[in-house]
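# Fold and contact review
Each chain is listed here by its residues.
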Number of protein chains: 2
Amino acid sequence: MRFEFEGGEDGEWRIERIATIAGAGLAPAERLTVRPARNGGDPRAAFLLQGTISNIRYATAFEAGLLRARQEGLGRPHATRAALIPIRKSSAWWAMAQDERRHIFEECSHHTAIGLEYLPAVARRLFHSRDLGEQFDFLTWFEYAPGDEAAFEALVARLRASEEWRYVEREVDIRLGR
Amino acid sequence: MRFEFEGGEDGEWRIERIATIAGAGLAPAERLTVRPARNGGDPRAAFLLQGTISNIRYATAFEAGLLRARQEGLGRPHATRAALIPIRKSSAWWAMAQDERRHIFEECSHHTAIGLEYLPAVARRLFHSRDLGEQFDFLTWFEYAPGDEAAFEALVARLRASEEWRYVEREVDIRLGR
């Protein structure tokens, strides 16, 4: 199922900050709308990003079971803070075979293991964009309570310090509240 | 890069046969056009299928190296026979984690190993459609010389007899010549 994230003047989420971490940034906007994709966004939108919920790409059945047992869904009433982090990885990343990418993703970078440490506080949903021909490869959406803000910063900092992030050539960090 | 396959009255390839292997079929057509995707096909087309060239999903670096060393490109002048085989897999397949799908794909079904046996005679290109919201998950395009027709039939028969194919719930087999 394809979703879109539109930055503009309306939307449930208030944009508090758009930080460019690597590569080109995104135009500023005041509010963010998240909705199932439709044909064409608002022509006045600052940005429109699309991504689709897809199958698991790296996690093993054991890891997926741990995630399922510990995670909570999006939309929890107390989770009034959110982040949308679009990233694009380099052609060197995408040229690697499955076992090479998995090795960097988990055995070197502990991507799933790190995320697990912050469950259920930080809920997360990954949207795939690369095969849609979008400007980013992934859009990751996070939701957490105001009291878990420091934990979320630690999660993001640990991933950015990982081997995997050496292949991230564009990253924008959008923080939101509702 | 996204491509589309349009069945209609025009196109470089003559459609010789459209066989429904599993699930719903496709409308008959005389010719097939293969081109980079554009906005909207011919409204009179019998069918329009889109897919995108993407990264490797299962092959290891070792397997990918074997494939690269042995395969030849599409468009060889002597390869005047082609097949377009769109398939859709079941929700049970897509609900599995990466290691479970890899296990069925290669360790049980020898998908890459079987394909390797028919290189370089049968050239092959995979297009991903599932994340585009298409009616099929994959479109596989094969090209071979008339003298390799029996080899191609053996390749297809071996894959259809595999454990992996128990998860294929829709499959159409379109044979072409030029």
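Residues numbered from 1 in each chain as written. Chains lettered and ligands numbered in written order. Predicted model: local features only at pLDDT ≥ 70, side-chain atom pairs only at ≥ 80, totals over all residues. Heavy atoms only, no water.

Contacts between chain B and chain A engage 21 residues on the former and 21 residues on the latter. Counting each side, the surface lost to burial between chain B and chain A is near 1700 Å², with a carbon and sulfur contribution of 44%. On the chain B side of the contact with chain A, B:N55, B:Q98 and B:D131 bury the most area, a combined 32% of that side's loss. Our enumeration of links across chain B and chain A arrives at 2 salt bridges. Residue A:D131 is joined to B:R57 by a salt bridge in which the shortest nitrogen-to-oxygen separation is 2.8 Å. Joining chain B to chain A, the criterion identifies 12 residue pairs in polar contact (both at pLDDT 80 or more). Listing elements by their share of the side of chain B that touches chain A, those giving two or more residues are α1 (61-70) and α3 (98-108) of chain B. Considered class by class, the residues forming the side of chain B that touches chain A number 8 nonpolar, 6 polar and 7 charged. (Contact = heavy atoms within 4.5 Å. Buried area = accessible area lost by both parts, 1.4 Å probe. Salt bridge = Lys/Arg side-chain N within 4 Å of Asp/Glu carboxyl O. Polar contact = N/O pair within 3.5 Å; in protein donor to acceptor, adjacent residues only side chain to side chain. Helix = DSSP H or I, 4+ residues; strand = E, 2+ residues; numbered from the N terminus. Nonpolar A, V, L, I, M, F, W, Y, C, P; charged D, E, K, R; others polar.)

End to end, helix α5 (residues 149-160) of chain A covers 17 Å across 12 residues, agreeing with the expected 16 Å (1.5 Å per residue, within 8%). Packing partners of the buried residues in α5(A) comprise β5 (81-89), α4 (111-117), β7 (138-144) and β8 (168-177) of chain A. (Expected span 1.5 Å × (residues − 1).)

Attention shifts here to the pattern of salt bridges. Tallied over the entire structure, the rule returns 38 salt bridges over all chains. Residues joined by salt bridges that share partners form a network here, namely A:E153, A:R160, A:E171, A:D173 and A:R175.

All names here are of chain A. The sheet contact formed by strand β2 (residues 13-22) and strand β3 (residues 31-36) spans 2 bridges and is antiparallel. In the sheet register, W13 faces β3, and the bridge partner there is L32. In terms of strand pairing, β2 meets β8 through 7 bridges, oriented antiparallel. Paired with R17 across the strands is R175, a residue of β8. (Pairing = 2+ DSSP bridges.)

Residues at a pLDDT of 70 or more form 100% of chain A, whose mean pLDDT is 97. For this predicted complex, the interface confidence comes out at an ipTM of 0.93, alongside a pTM of 0.95. (pLDDT = per-residue confidence, 0-100.)

Relative to the elements of secondary structure, B:R101 occurs in helix α3. Discounting residues that sit within four places of it in the chain, B:R101 has contacts with A:N55, A:I56, B:Y58, B:W93 and B:M96.

Residues and elements named next belong to chain B. Taking burial as the measure, the 7 residues of strand β1 (residues 2-8) include 6 buried ones, the bulk of the element. Summarising the sheet, β1 and strand β4 (residues 47-52) pair through 6 bridges and their orientation is antiparallel. Along β4, the bridge assignment pairs R2 with T52. Relative to strand β3 (residues 31-36), β1 runs antiparallel, the two being bridged by 6 bridges. Across the sheet, F5 pairs through a bridge with V34, a residue of β3. (Buried < 20%, exposed > 50% of the residue type's maximum accessible area, 1.4 Å probe, protein only.)

Before going further, it helps to examine the packing of aromatic side chains. Using the criterion set out here, one finds 20 aromatic pairs over all chains in the structure. For the pair A:F5 and A:F127, a centre-to-centre distance of 5.2 Å together with 75° between the ring planes defines the contact as edge-to-face. Here A:F5 is found in strand β1 (residues 2-8), whereas its partner A:F127 is found in strand β6 (residues 123-128), with 122 residues between them in sequence. A relative accessible area of 0% places A:F5 in the buried class. Arranged with centres 5.9 Å apart and planes meeting at 35°, the rings of B:F5 and B:W141 form a pair that is tilted. Taken together, the positions of B:F5 in strand β1 and B:W141 in strand β7 (residues 138-144) put the pair 136 residues apart, joining distant regions of the chain. B:W141 sits in the buried class, given a relative accessible area of 4%. An aromatic cluster of at least three residues, connected via ring pairs, comprises A:F3, A:F5, A:W13, A:F127 and A:W141. Across the ring face of A:W93, the terminal group of A:K89 is positioned such that the distance to the ring centre comes to 3.8 Å. (Phe/Tyr/Trp six-rings, centres within 6.5 Å; stacked < 30°, edge-to-face > 60°. Lys NZ or Arg CZ within 6 Å of the ring centre and 35° of its normal.)

Along the chain, B:R102 turns up in helix α3. By relative accessible area, B:R102 is classed as buried at 16%.

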